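Read off the chains here:
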There are 2 protein chains.
Amino acid sequence: MVCSLRRDISLCRTLSPHLSFSLSFSLSLSLSTSTTMQSSDSGNLGRALCIITGASRGFGRTAAREISQLVKPGSALVLVARSGDDLRALQTELAESEAGRAGMVVQCVVADLGLMEGLESVIKSAKEVFSEDIDHVCLVNNAASLGDVSRYTRSFTNMAEVDSYLSLNVSSSLCLTASVLQAFPQRPGLRRTVVNISSLCALQPFSSWVLYCTGKAARDMMFKVLAEEEPDVRVLSYAPDMHLVARSKTADPNVRKSLSDGFSQGQVLTCEASCAKLMKLLLEDKYTSGAHIDVYDI
Amino acid sequence: MVCSLRRDISLCRTLSPHLSFSLSFSLSLSLSTSTTMQSSDSGNLGRALCIITGASRGFGRTAAREISQLVKPGSALVLVARSGDDLRALQTELAESEAGRAGMVVQCVVADLGLMEGLESVIKSAKEVFSEDIDHVCLVNNAASLGDVSRYTRSFTNMAEVDSYLSLNVSSSLCLTASVLQAFPQRPGLRRTVVNISSLCALQPFSSWVLYCTGKAARDMMFKVLAEEEPDVRVLSYAPDMHLVARSKTADPNVRKSLSDGFSQGQVLTCEASCAKLMKLLLEDKYTSGAHIDVYDI
């Protein structure tokens with residue numbers, strides 16, 4: 001909590017005139033989630049089918065590695081990305097790991113999630129590796145793009161560009177999530193978890209990041225609605241550290257400086273540290289379904 | 001403020017388990033906006049070019065009527081909708097009004113804002129009716145669709161359906177806003193205002209309303225980013241009463257009952273009352289740019 005407030009103050013001083021709003025919002029969110037926690041740490045994710053999108057690099061790749069160490073024998077990973085080479089390298093690495101040698105199935109799906117065919121191939125692969133003794137289906141909606149951050153909102157006059165961004169970043173995660181929930185419906189003994197890899201940008205506007213902020217805010221709300229509708233599904237919007245998207249040509253000089261200063265001064269978490277906190281949340285399984293939880297809130 | 005809290009409590013009791021979050025969020029927003037207010041009531045909107053989308057009926061139609069009574073002679077209204085008949089009836093009515101007889105120009109644009117051609121025809125018309133002595137350009141992004149509320153999130157597996165919804169409700173308002181800002185750039189003596197007709201659904205999830213909530217949350221964030229980027233542009237996300245979208249086949253029985261109970265018990269505001277409060281905000285011009293303000297906060 002202290003970390004989160006400190007971080008928001010520092011970001012807001014540089015980036016935003018809406019200081020009072022951001023602080024009170026962060027505070028109320030944290031209080032809300034902490035007061036609803038219960039204790040049920042199991043130490044593993046069960047005999048799981050885990051589908052991870054954007055798995056070829058960065059946070060998705062790290063999540064695949066960490067999840068593979070937390071599932072029980074008989075589990076299966078479905079790794080999705082557009083880049084086949086990176087994905088197959090990860091598949092080989094995981095197959096040679098302790099979990100892989102113990103029989104964990106690792107399936108690669110090289111697909112463009114902006115296309116229906118891409119979604120359908122993920123579902124097809126997930127059904128192929130599913131077995132009746134799997135007790136946990138976990139979808140990590142990680143695939144996302146940053147959008148063009150070198151331009152301001154006033155330059156986005158081309159609908160095809162915005163449509164394409166929203167399709168890849170919002171529609172595809174909605175339709176993939178819906179498809180997974182339909183493919184693996186509620187039944188006794190089956191846990192279902194849906195993770196939305198979110199961002200501070202879902203809550204706070206950043207100059208010159210209009211597509212990214214808009215897409216992340218849309219996704220957060222979409223998963224909040226899902227949590228309302230499906231009480232048996234555990235839904236989490238998790239925001240890793242901002243450095244994960246910091247290597248960019250941000251148009252706004254204040255935002256660019258704030259990101260690069262944080263990076264050069266070592267104030268940002270590694271991908272592994274950000275991911276470890278997500279694993280902690282998933283293992284403890286105490287978060288309020290639908291909540292947005294920032295890496296600095298943990 | 002009291003109204004807003006009462007309303008949220010009542011809605012949350014019926015609809016949402018996230019009571020503490022909703023209350024603290026509403027409270028912090030209201031405090032944030034009220035503390036930044038300054039006094040500058042001018043009594044009119046100036047010699048204005050006002051572009052209103054979704055103007056053929058409901059809130060947009062009422063907004064066109066009310067705005068026409070608040071602009072100075074020499075103003076122009078550009079009314080946009082897909083329905084030409086309703087739009088032309090409104091044009092005739094406004095032309096025969098006091099403002100119309102005093103020379104206010106009323107231009108109709110029958111267009112589908114889901115298409116680039118539609119956006120372009122709005123900009124073309126706006127440029128045609130613009131004159132150098134206009135001192136205020138005001139865009140009211142009202143056009144929106146509810147989406148299919150008869151189904152739950154898990155049923156949205158068709159990307160084309162979600163893409164189409166986001167294109168009409170998010171992309172088009174971003175691209176139209178950007179196009180208007182480019183067509184009428186910052187210059188001394190020219191006020192520029194952008195209104196986003198928002199909803200409580202931008203802040204709070206409602207079961208079976210996934211497209212509407214997602215689109216409204218996306219729009220709110222988009223306009224927050226715009227406010228960060230363009231300090232000279234006044235940006236307002238205004239949420240009228242929920243009854244404006246209440247006549248629907250909502251799948252969730254609790255949400256449906258809550259909406260119809262409020263409507264039948266006369267607890268909802270009329271379109272005119274909701275719109276009058278927006279006019280008050282625009283005339284006073286004291287809101288924090290980028291803020292989301294609910295009709296019950298005023």
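Refer to the structure printed above.
If you're wondering where the values come from, they're calculated on a predicted model, not measured in any experiment.

Chemist: I keep staring at the nonpolar core and nothing clicks. Help me out?
Modeler: Side chains of nonpolar character tend, in soluble globular proteins, to be buried together. Core analysis: the biggest nonpolar cluster contains 109 residues, and A:Leu49, A:Trp209, B:Leu49 and B:Trp209 have the highest contact counts within it. Apart from residues no more than four positions distant in its own chain, A:Leu49 is found in contact with A:Ala76, A:Val78, A:Ala126, A:Val129, A:Phe130, A:Ile134, A:His136, A:Val137, A:Cys138 and A:Phe184.

Chemist: Teacher, can you tell me more about the sheet that holds strand β6 (residues 233-239) of chain B here?
Modeler: Working definition: the strands of a sheet are paired by backbone hydrogen bonds and lie parallel or antiparallel to each other. Residues and elements named next belong to chain B. Read across the sheet, seven strands follow the order β3-β2-β1-β4-β5-β6-β7 without closing on themselves; strand pairing throughout is parallel. Of all the strands in the sheet, the pair left with one neighbour each is β3 (105-110) and β7 (292-294). Going across the sheet, the axis of each strand differs from the next one's by a mean of 20°, ignoring polarity. Two strands pair when backbone bridges link them, and strand β2 (residues 76-81) and β3 are joined in this way by six bridges, in the parallel orientation. If you follow Val78 over to β3, its bridge partner there is Gln107. Contacts from helix α6 (residues 116-129) reach β1 (48-53), β2 and β3 within the one sheet, and its direction differs from that of β3 by about 165°. Contacts from helix α10 (residues 271-284) reach β5 (191-197), β6 and β7 within the one sheet, and its direction differs from that of β6 by about 160°.

Chemist: Got a minute to help me understand the state of the cysteines in this structure?
Modeler: Think of a disulfide as a covalent bridge from one cysteine sulfur atom to another cysteine sulfur atom. Evaluation of the coordinates by the stated rule reveals zero disulfides over all chains. Not part of a disulfide, A:Cys201 finds its nearest cysteine sulfur in A:Cys213, a span of 4.1 Å. Taking the relative accessible area as the measure of exposure, A:Cys201 reaches 0% and is therefore buried. Between B:Cys50, a cysteine without a disulfide, and B:Cys138, which holds the nearest cysteine sulfur, the sulfur-to-sulfur distance is 4.5 Å. Relative accessible area serves as the criterion here: at 0%, B:Cys50 is assigned to the buried category.

Chemist: Mind showing me how you'd approach the relation of the copies chain A and chain B here?
Modeler: Both copies of the chain are tied together by a single rotation about an axis and a shift running along it. Overlaying chain A on chain B yields an RMSD of 0.0 Å, the required transformation being a rotation through 180° with an accompanying axial translation of 0.0 Å. With respect to symmetry, the two chain copies, as superposed, fit the operation of a two-fold axis. Considering only C-alpha atoms, the residue of chain A closest to the rotation axis is A:Ala218, which sits at 2.3 Å. Here 100% of the contact residues of chain A are again contact residues in chain B; the copies associate through an equivalent surface.

Chemist: What is the right way to read α10(B) from this model?
Modeler: Think of an α-helix as 3.6 residues a turn; residues three or four steps apart then line up on the same face. Residue and element names in this part refer to chain B. With 14 residues, α10 should cover 20 Å at 1.5 Å per step; its first-to-last C-alpha distance of 20 Å lies within 8% of that length. Residues of α10 that are buried include every one of Cys271, Ser274, Cys275, Leu278, Met279, Leu281, Leu282, Leu283 and Glu284, and no others. Two residues or fewer past α10, Asp285 is found with a positive phi of approximately 55°.

Chemist: Would you mind going over the interface of chain A and chain B with me for this structure?
Modeler: With 62 residues of chain A at the contact, the number on the chain B side is 62 residues. In total, chain A and chain B occlude about 4,800 Å² of area from one another, counting both sides; carbon and sulfur atoms represent 67% of this. Interface area lost by chain A to chain B is led by A:Met159, A:Met221 and A:Glu228, which between them contribute 15%. Where chain A touches chain B, the interface holds two salt bridges. Where B:Arg154 meets A:Glu230, a salt bridge forms, and the shortest distance between an N and an O atom there is 2.5 Å. Counting the contacts that link chain A with chain B gives 12 residue pairs in polar contact (both at pLDDT 80 or more). Secondary-structure elements contributing two or more residues to the side of chain A that touches chain B are α2 (19-35), α6 (116-129), α7 (159-183) and α8 (210-229) of chain A. Classifying every residue of the side of chain A that touches chain B gives 34 nonpolar, 22 polar and six charged.

What counts and what doesn't
- Residues numbered from 1 in each chain as written.
- Chains lettered and ligands numbered in written order.
- Predicted model: local features only at pLDDT ≥ 70, side-chain atom pairs only at ≥ 80, totals over all residues.
- Heavy atoms only, no water.
- Core = buried A, V, L, I, M, F, W, Y, C linked by side-chain atoms within 4.5 Å.
- Buried < 20%, exposed > 50% of the residue type's maximum accessible area, 1.4 Å probe, protein only.
- Contact = heavy atoms within 4.5 Å.
- Pairing = 2+ DSSP bridges.
- Helix = DSSP H or I, 4+ residues; strand = E, 2+ residues; numbered from the N terminus.
- Axes fitted to C-alpha atoms, helices over the stretch in contact; angles between N-to-C directions.
- Disulfide = S-S within 2.5 Å.
- Least-squares fit on C-alpha atoms with pLDDT ≥ 70 in both.
- Expected span 1.5 Å × (residues − 1).
- Buried area = accessible area lost by both parts, 1.4 Å probe.
- Salt bridge = Lys/Arg side-chain N within 4 Å of Asp/Glu carboxyl O.
- Polar contact = N/O pair within 3.5 Å; in protein donor to acceptor, adjacent residues only side chain to side chain.
- Nonpolar A, V, L, I, M, F, W, Y, C, P; charged D, E, K, R; others polar.

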